[in-house]
Amino acid sequence: MGTVQIRNARKAYGAVEVLHGISIDIEDGEFVALVGPSGCGKSTLLRMIAGLEDITGGDILIADRVVNNVAPKDRDIAMVFQNYALYPHMNVRDNMGFALRQRRVPKPEIAERVSAAARILGLEALLDRKPRQLSGGQRQRVAMGRAIVRDPNVFLFDEPLSNLDAKLRVQMRSEIKELHQRLNTTTIYVTHDQIEAMTLADRVVVMNGGVIEQMGPPLELYDRPASLFVAAFIGSPPMNFLSGRLAEGDILLMADGTRLRLPVGDPKRRSEVTVGVRPEHFAVAETGWPAVVSVVEPTGSETQITARIAGQTIRVLVRGRFSAPPETVIHLQVAPEHVHIFDPAPLPDLAELEDVA
Amino acid sequence: MAFMSRTPARQGVAGNRVRIAAGIAVSVIFLFPVFWMVLTSFKHQVDIFTNPPKFLFSPTLETYVEYMTRADINKRLANTIIVAFGSGVFSLLVGAMAGYALARVRIKGAATFGLLILLSRGVPPIALAVPMFLVARKLGLTDKHITLILAYSTFLVPYVMWLMRSFFVSLPRELEESAMIDGCSRYGAFFKIIVPISLPGLISTMIFSMILAWEELLFALVLTNRHATTMPVAIAGIAGDTINGANWAALTAVGTITVVPVVIFALLVQKWLIKGLADGATKG
Ligand SMILES: Nc1ncnc2c1ncn2[C@@H]1O[C@H](COP(=O)(O)OP(=O)(O)O)[C@@H](O)[C@H]1O
Ligand SMILES: [Mg+2]
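Each value, and the rule that gives it
Residues numbered from 1 in each chain as written. Chains lettered and ligands numbered in written order. Predicted model: local features only at pLDDT ≥ 70, side-chain atom pairs only at ≥ 80, totals over all residues. Heavy atoms only, no water. UniProt positions renumbered as here; feature names shortened; annotations may be inferred. Buried < 20%, exposed > 50% of the residue type's maximum accessible area, 1.4 Å probe, protein only. Helix = DSSP H or I, 4+ residues; strand = E, 2+ residues; numbered from the N terminus. Contact = heavy atoms within 4.5 Å. Near = heavy atom within 4 Å. Polar contact = N/O pair within 3.5 Å; in protein donor to acceptor, adjacent residues only side chain to side chain. Areas by Shrake-Rupley, 256 points an atom, 1.4 Å probe, with all protein chains shown as cover. Salt bridge = Lys/Arg side-chain N within 4 Å of Asp/Glu carboxyl O. Nonpolar A, V, L, I, M, F, W, Y, C, P; charged D, E, K, R; others polar.

An unreviewed UniProt entry annotates chain A as ABC transporter ATP-binding protein originating from Seohaeicola zhoushanensis. UniProt annotates chain A under Sequence similarities (unreviewed entry) with the comment "Belongs to the ABC transporter superfamily."

Among the eight residues in helix α9 (residues 174-181) of chain B, seven count as buried, and that is most of the element. Every buried residue of α9(B) is accounted for by B:Leu175, B:Glu176, B:Glu177, B:Ser178, B:Ala179, B:Met180 and B:Ile181. On its buried face, α9(B) sits against α1 (42-50), β6 (77-80), α2 (92-102) and α4 (136-148) of chain A together with α5 (71-104) and α10 (186-214) of chain B. Of the residues one or two after α9(B), B:Gly183 is the one with positive phi, at around 125 degrees.

For ligand 1, the full set of nearby residues is A:Tyr13, A:Val18, A:Pro37, A:Ser38, A:Gly39, A:Cys40, A:Gly41, A:Lys42, A:Ser43, A:Thr44 and B:Arg106. Surrounding ligand 1 is a set of residues that belongs to chains A and B. Separating a nitrogen atom of ligand 1 from a side-chain N or O atom of A:Tyr13 is a distance of 3.3 Å. A distance of 2.9 Å is found between an oxygen atom of ligand 1 and a backbone nitrogen or oxygen belonging to A:Lys42. Starting from 570 Å² of accessible surface for ligand 1 in isolation, the protein chains cover 61%. If one sorts the elements of the shell around ligand 1 by residue count, α1(A) sits on top with three residues.

On to the pattern of salt bridges, then. In the structure shown here, the tally under the stated rule is 18 salt bridges over all chains. A:Arg150 serves as the salt-bridge partner of B:Asp182, at 3.2 Å between the closest nitrogen and oxygen. Linking B:Asp182 in the loop between α9 and α10 with A:Arg150 in the loop between α4 and β7 (154-158), this pair reaches from one chain into another. Assigned by exposure class, B:Asp182 and A:Arg150 land together as buried. The salt bridge involving A:Arg261 is made with A:Asp250; its shortest N-O contact spans 3.1 Å. With a gap of 11 residues between them, A:Arg261 in strand β13 (residues 259-261) and A:Asp250 in the loop between β11 (240-247) and β12 (251-253) connect regions that are remote in the sequence.

Now for the interface of chain B and chain A. Counting residues at the interface gives 20 residues for chain B and 25 residues for chain A. Connecting chain B to chain A are two salt bridges. The salt bridge involving A:Arg47 is made with B:Glu177; its shortest N-O contact spans 2.7 Å. Summed over the shared surface of chain B and chain A, the result is 12 residue pairs in polar contact (both at pLDDT 80 or more). The set of elements that each furnish at least two residues to the side of chain B that touches chain A consists of α9 and α10 of chain B. Looking at which element gives the most residues to the side of chain B that touches chain A, the answer is α9(B), with seven residues. Partitioning the side of chain B that touches chain A into residue classes produces nine nonpolar, five polar and six charged.

Here it is, written out as structure tokens:
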């Protein structure tokens, strides 16, 4: 049983607390992605689950057993690191068999399990090579092979694809998904890349500054972001935000006096708000919010329009083709369920997030 | 830069020549005393004191035959080997583990502690030699191999610790973490993963330690008198014995006997030495 329960886990380095009480219940066989900007504490949490960091407060349970004081080797977990951490002095076969040798598994069984894992990952031809004779993608595969021969309760991944180029990353991403569907081992996967999290996971945990912002199935986070942070973080291209004051229940009164009628009202709110709409949820129509076109970028299957509403820049993504000269005024419609109203808050610096990737 | 880019190829060749010439010059300066020692060791007493010095003379093996058949010299050579090997191995074991701890364990004050150990090397050995002798006598440890091995460890362990610390720092932590998840304890991870990866560095460090122990005079002089005496003490004894005038032939012959094993050893392990010095860390 590969369940993992994290109960109000805290972590402090000296006087600085970096995780402020994290609780997650992970079911057997579930694939959970921890996602968030760099420094938000994802790796720290994963390392606490692995036993590589002490737990300052709270409990972590693996397979219904409190493991707070259990050594990493006795937690029945396998971990894949961003730098793979392959043992440089051992060939691929010995790297993959190392954990089994430590557990005194009989030699024939080790050989059998290593070759089974090698077959799954297409590593058969590389078994006698040393790590330095492998490409980045092959090393990544060996690191995964080392994890799967163990057949552990839980797989832990810490940004396993970050050192690969974009193309390989996409390919390995679907391989990881396929592997999970095949083995059904509980997996906790850390990434700063929301696309990776969304495409891989059954459930995404968005972290920010040492707390959980929101957790749920990927599409739930996309459809109903609970905070401005999650709204900005999840989805690509990112959600548009327009700020102003809410008047008369359903009017967004912007700084220059522009009044936008929202398709949904929120009579409870009276003050400053940030309204979010995803680029793909705008429709160009005869009536609606007036926007001034700046740039139109067709890609064939869809067209991206950059425009301004009351001086605030937005992006619009429409299916199919569309053309309009710059400075044309177009009208945008949004369905009520696609309008998100938030209290204003500083936006996460998305440019910085891209840099990390 | 402009000057160099005008004739890059010839500049390169000329630059190389300058470098080679400089290398030879430095080697000559360093090796000349050694050369003179070896040369002198083959001379008859009469040829040694001629002025100007003689480069051409009829060589003799007389001195070598005399000293190499002397039991005390052979015993001292054996002592030197035992002490150098013993202190090399012992300080490597302790120093490497201490260096690993300094590199990895997050304890408040670890860096200060490491620095203090290094600073202890600033104490002049002569200031330590006498207290060390008194302690050794109290423990009944004078004139034993183990005495010198322990005494040498006082400067070899810090040396090994600092060299190996910087080596271990350059290895990614995830290697041991991975091993610890795979079923090792911290010690298991150190001995099964870190030690094999660091072998070139460990071996070259041990070789340097052995050479330092091999040539050490002061502690050997103070802490031993008959049984555990080493070659440097023998040389000092010959140098100090001037009743019949300085015995240069003996001095240089015994000096050569002392140096030759080191040279042979260095040639044997040269591959490791260079690898250890050059690559610093073997990353996967
Ligand atoms: N050994 C450590 N000592 C002190 N602070 C640390 C240590 N490791 C991580 N931190 C801090 O904890 C926070 C979370 O780090 P980390 O879990 O690595 O973030 P992430 O993996 O989400 O990028 C960061 O602010 C980082 O500076
Ligand atoms: Mg991280």
